[in-house]
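The primary structure of each chain is shown beneath.
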Amino acid sequence: MSVLYDPIHWTPHKRMYDRLMLSFVAGYLLLFGVLQLALHPQITAETLIIRATGTLAFLMLHIILSIGPLCRLYPKFLPLLYNRRHLGVTMFLLALTHGIFNLVQFHALGNADPLVSLFGSNTQYGSLARFPFQALGFFALIILFLMAATSHDFWLKNLTPPVWKALHMGVYGAYAMLVLHVMLGVIQLEKSPVLTGLTGLGMFTVIGLHVMAAWKQAQKEAGASARKQPPLETQQEDTLRGFVYACEVAEIPDNRAKLLILEGENIALFKYDGKLSAVHNLCKHQNGPLSEGKVIDGCITCPWHGYQYLPENGQSPPPFEEKVCTYDVQVHGSSVFVNPKPYPEGTSRPPALIV
Amino acid sequence: MKTIEFLVDLFYLYLFFGVVFAAMFLCRGAALIDEAARGISWKTRALLFPGSVAMWPVLWRKWRKTARKMKTATSNETL
């Protein structure tokens, strides 16, 4: 939402987030190092770095993938989402360290180019069990690099939000490749079942959380579209042509919204200062659910990254430029009606007054 | 092995073009395609450098498109 781009738009929350994250990284590396030295006293520094950075990056990827569904299931996890990009970039740097040390230790000491050696030292691409797992790690690292390198708001704006979002969904492809990378690596090089078990547990957690969040969202959307219209007088029927019954005024808490799915439109109906306004539910930044946000300082505030919109016209307050569609709202008695025909993004519509 | 060598060379070539392009893009092109990138600090430019290396074909297309648009607008004003 920056007007001019900063390297990082620091806030006290981001500083705290980064401090906690770096403490976790340092704590993990220290603990892992001590454990490895205790279990394998002969271990070399390079192998220790490869193992520590690889396992930590993979663990952090699980945390990153779990944050989204966790926030949908339990909104108290939302603070973890606000600065997820720093978590992602740190995870990439750890994965990169793991990759570079691997490349140097196993592929840079011969005559061949390190990358040619990486792809050419094991060419059993047709075999499932003997498949070259390092190639999978390389391709996953490329995806993680693309995501980390394009995490700045400059890329969101210039690649356009749909392309940027599609690019960043590549994290699931990277995750699938990394699961295979770890599993094949264990099958081909290790004997201990611990890593296989932990990877299975991680996969089960990530998939389970995504399934639960999708189920909750489906339930919510079913509730948002199933309504019984109250009986109307003939005069009311005329003024309400094109409008659909949304809910009762009392169903919406102050400075909060109700999600509506009306004729396929995803609408957030907000109640604030004795008024009601409706805007499109998806934030322009990363498609965050505006209906789960609050009205703060007179602005609808996205729960994901704090992007703001004025409820009356769906525009971000100046000098920002984001806009969402708006809808007409009417109140009759205690009932709220919304016309699901969207107005162009940023169109001013008078709010409905709660009598 | 020959195929692998060829693909790896192609990868290095892509990176080489990317590095050259990114240096030019962050000096001139970024501000042209995005007003908010005018006068950005060197720290921000450094942060955008890896992405510019990776995404150079997309950015090159966008830069050319914007430059062509500006040229057309200038020649229309002259007329």
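For every chain, the first residue of the written sequence is number 1, and numbering continues from 1 onward in sequence order. Here chains are named by letter from A upward and ligands by number from 1 upward, in the order in which they appear as written. With the structure being a predicted model, the display of local features is reserved for residues of pLDDT at least 70 and the display and counting of side-chain atom pairs for 80 or more, all residues being used for whole-chain, interface and lining totals. Side-chain numbers come from the whole structure's heavy atoms, not from hydrogens or water.

### Description of the packing of helix 2 (residues 45–73) of chain A against helix 4 (residues 84–107) of chain A
Residues and elements named next belong to chain A.
Then, number 1: Here an axis means a line fitted to C-alpha atoms, over the contact stretch when the element is a helix, while the angle between two N-to-C directions is reported on a 0 to 180 degree scale. By the criteria applied, helices consist of DSSP H or I runs no shorter than four residues and strands consist of E runs no shorter than two, each listed in order from the N terminus. The geometry of helix 2 relative to helix 4 is characterised by a closest axis approach of 8 Å and an angle of 150 degrees between their N-to-C directions. On the basis of their axis angle, the class for helix 2 and helix 4 is roughly antiparallel. Read as a crossing pair, helix 2 and helix 4 show a hand that is left-handed.
Then, number 2: Taken together, the residues of the contact of helix 2 with helix 4 break down into 15 nonpolar, 10 polar and two charged. Put simply, angles under 35 degrees are roughly parallel, angles over 145 are roughly antiparallel, angles from 65 to 115 are roughly perpendicular, and the rest are oblique. The hand of a helix crossing depends on one turn: near helix anticlockwise from the far one by less than a right angle means left-handed, and clockwise means right-handed. Three classes are used, and their members are as follows: Ala, Val, Leu, Ile, Met, Phe, Trp, Tyr, Cys and Pro are nonpolar, Asp, Glu, Lys and Arg are charged, and the others, Gly among them, are polar.

### Considering a positive patch on the surface
Then, number 1: Patch definition: residues above 30% relative accessible area lacking any salt bridge, with like charges linked at up to 9 Å and the nonpolar side chains Val, Leu, Ile, Met, Phe, Trp and Tyr linked at up to 5 Å. The method behind every accessible area is Shrake-Rupley, applied with a 1.4 Å probe, and residues are considered shielded solely by the protein chains displayed. Throughout this description, the term salt bridge denotes a Lys or Arg side-chain nitrogen within 4 Å of a carboxyl oxygen of Asp or Glu. Charge convention: Lys and Arg are scored as positive, Asp and Glu as negative, and His as well as the terminal groups of each chain are ignored. Working definition for charges: the position is that of NZ of Lys, CZ of Arg, CG of Asp or CD of Glu. A cluster of basic residues, Arg61, Arg64, Lys65, Arg68 and Lys69 of chain B, forms a positive patch at the surface.
Then, number 2: Within the secondary structure, arginine 61 of chain B sits in helix 3 (residues 56–78).

### Thoughts on the packing of aromatic side chains
Then, number 1: Aromatic pairing here means that ring centres of Phe, Tyr or Trp (its six-membered ring) are within 6.5 Å. Orientation follows from the plane angle: under 30 degrees is stacked, over 60 is edge-to-face, and everything else is tilted. One pass over the full model with this rule turns up 21 aromatic pairs over all chains.
Then, number 2: Ring plane angle 65 degrees and centroid distance 6.3 Å describe the contact between phenylalanine 154 of chain A and phenylalanine 25 of chain B, whose orientation is recorded as edge-to-face. Linking phenylalanine 154 of chain A in helix 7 (residues 153–158) with phenylalanine 25 of chain B in helix 1 (residues 2–33), this pair reaches from one chain into another. The burial state of phenylalanine 154 of chain A is the same as that of phenylalanine 25 of chain B; both residues are buried. Accessibility here uses a 1.4 Å probe with only protein chains present; expressed as a share of the type maximum, an area under 20% marks a residue as buried, one over 50% as exposed, and anything in between as partly exposed.

### Quick word on the pairing of strand 8 (residues 326–332) of chain A
Residues and elements named next belong to chain A.
Then, number 1: Burial runs high along strand 8: six of the seven residues are buried.
Then, number 2: Pairing analysis gives two bridges linking strand 4 (residues 275–280) to strand 8, with the strands arranged antiparallel. Bridging across to strand 8, alanine 278 finds its partner in tyrosine 327.
Then, number 3: A pair of strands is labelled paired if DSSP reports no fewer than 2 bridges between them. For strand 8 and strand 9 (residues 335–343), the ladder comprises six bridges, and the chain directions are antiparallel. By the bridge assignment, glutamine 330 is partnered in strand 9 with phenylalanine 337.
Then, number 4: Counting the residues in the hairpin turn of strand 8 and strand 9 gives two residues, including glycine 333, whose phi is positive at 65 degrees.

### Here's the deal with the environment of aspartate 153 of chain A
Residues and elements named next belong to chain A.
Then, number 1: Within the element layout of this structure, aspartate 153 appears in helix 7.
Then, number 2: Remark: the alpha-carbon pair of aspartate 153 and proline 7, spanning 146 residues in sequence, is separated by 9.6 Å.
Then, number 3: For aspartate 153, the side chain forms a polar contact with the side chain of arginine 85, separated by 3.2 Å. Throughout this description, a polar contact denotes any pair of N or O atoms lying within 3.5 Å of each other; where both atoms belong to protein, one of them has to be capable of donating a hydrogen while the other can accept it, and for residues adjacent in sequence the pair is counted only when both atoms sit in side chains.

### Things to note about the interface of chain B and chain A
Then, number 1: We call two residues in contact when some of their heavy atoms are within 4.5 Å. Between chain B and chain A, the residue contacts involve 27 residues of the former and 24 residues of the latter.
Then, number 2: Applying the counting criterion to the chain B and chain A interface returns one salt bridge.
Then, number 3: Aspartate 34 of chain B serves as the salt-bridge partner of lysine 157 of chain A, at 2.9 Å between the closest nitrogen and oxygen.
Then, number 4: Counting every contact that joins chain B to chain A gives five residue pairs in polar contact (both at pLDDT 80 or more).
Then, number 5: Looking at the side of chain B that touches chain A, the elements with two or more residues in it are helix 1, helix 2 (42–54) and helix 3 of chain B.
Then, number 6: Residues of the side of chain B that touches chain A, tallied by class, amount to 18 nonpolar, four polar and five charged.

### Topic: the layout of surface pockets
Then, number 1: Approximately 1200 Å³ is the volume attributed to the second largest pocket.
Then, number 2: Every element with two or more residues in the lining of the second largest pocket is listed here: helix 1 (12–39), helix 3 (78–82), helix 4, helix 6 (133–149) and strand 5 (294–296) of chain A together with helix 2 of chain B.
Then, number 3: A per-element tally of the lining of the second largest pocket places helix 4 of chain A first, with six residues.
Then, number 4: A per-class count over the lining of the second largest pocket returns 21 nonpolar, 15 polar and eight charged. Using protein atoms alone on a 1 Å grid, points that fit a 1.4 Å probe yet trap it form a cavity, whereas open point sets bounded by protein on both sides within 12 Å along at least five of seven lines form a pocket; residues with an atom within 4 Å of a point count as lining. Grid points are joined across faces, edges and corners, and a volume is the space filled by probe spheres set on the points.

### Details of the sheet that holds strand 5 of chain A
Residue and element names in this part refer to chain A.
Then, number 1: With respect to topology, three strands assemble into an open sheet ordered 5-6-7, the strand pairing being antiparallel. Looking along the sheet, the strands with just one partner apiece sit at the ends: strand 5 and strand 7 (308–309).
Then, number 2: For strand 6 (residues 299–301) and strand 7, the ladder comprises two bridges, and the chain directions are antiparallel. Following the sheet pairing, threonine 301 is matched in strand 7 by glutamine 308.

### Re a nonpolar patch on the surface
Then, number 1: Where nonpolar side chains cluster on the molecular surface, the patch consists of Phe6, Leu7, Leu10, Leu13, Phe16, Phe17, Val20 and Met24 of chain B and spans about 800 Å² of accessible area.
Then, number 2: Within the secondary structure, methionine 24 of chain B is located in helix 1.

### Overview of the domain arrangement of chain A
Residues and elements named next belong to chain A.
Then, number 1: Throughout, the edges of the domains are those of an automatic or database domain assignment. Domain assignment breaks chain A into domain 1 (12–219) and domain 2 (234–353).
Then, number 2: Of note, the centres of domain 1 and domain 2, computed from C-alpha atoms alone, are 39 Å apart.
Then, number 3: Buried area: the accessible surface (1.4 Å probe) lost by two parts on joining, summed over both. Summing the contributions of domain 1 and of domain 2, the shared interface buries around 950 Å²; its carbon and sulfur component is 48%.
Then, number 4: Three residues stand out in domain 1 for area buried against domain 2, namely Arg72, Tyr82 and Lys165, and they jointly supply 40% of the buried area on that side.
Then, number 5: Remark: the boundary between domain 1 and domain 2 carries one salt bridge.
Then, number 6: The salt bridge involving glutamate 292 is made with arginine 72; its shortest N-O contact spans 3.1 Å.
Then, number 7: The interface formed by domain 1 and domain 2 holds one residue pair in polar contact (both at pLDDT 80 or more) in total.
Then, number 8: Elements with a contribution of two residues or more to the side of domain 1 that touches domain 2: helix 3, helix 7 and helix 8 (161–168).

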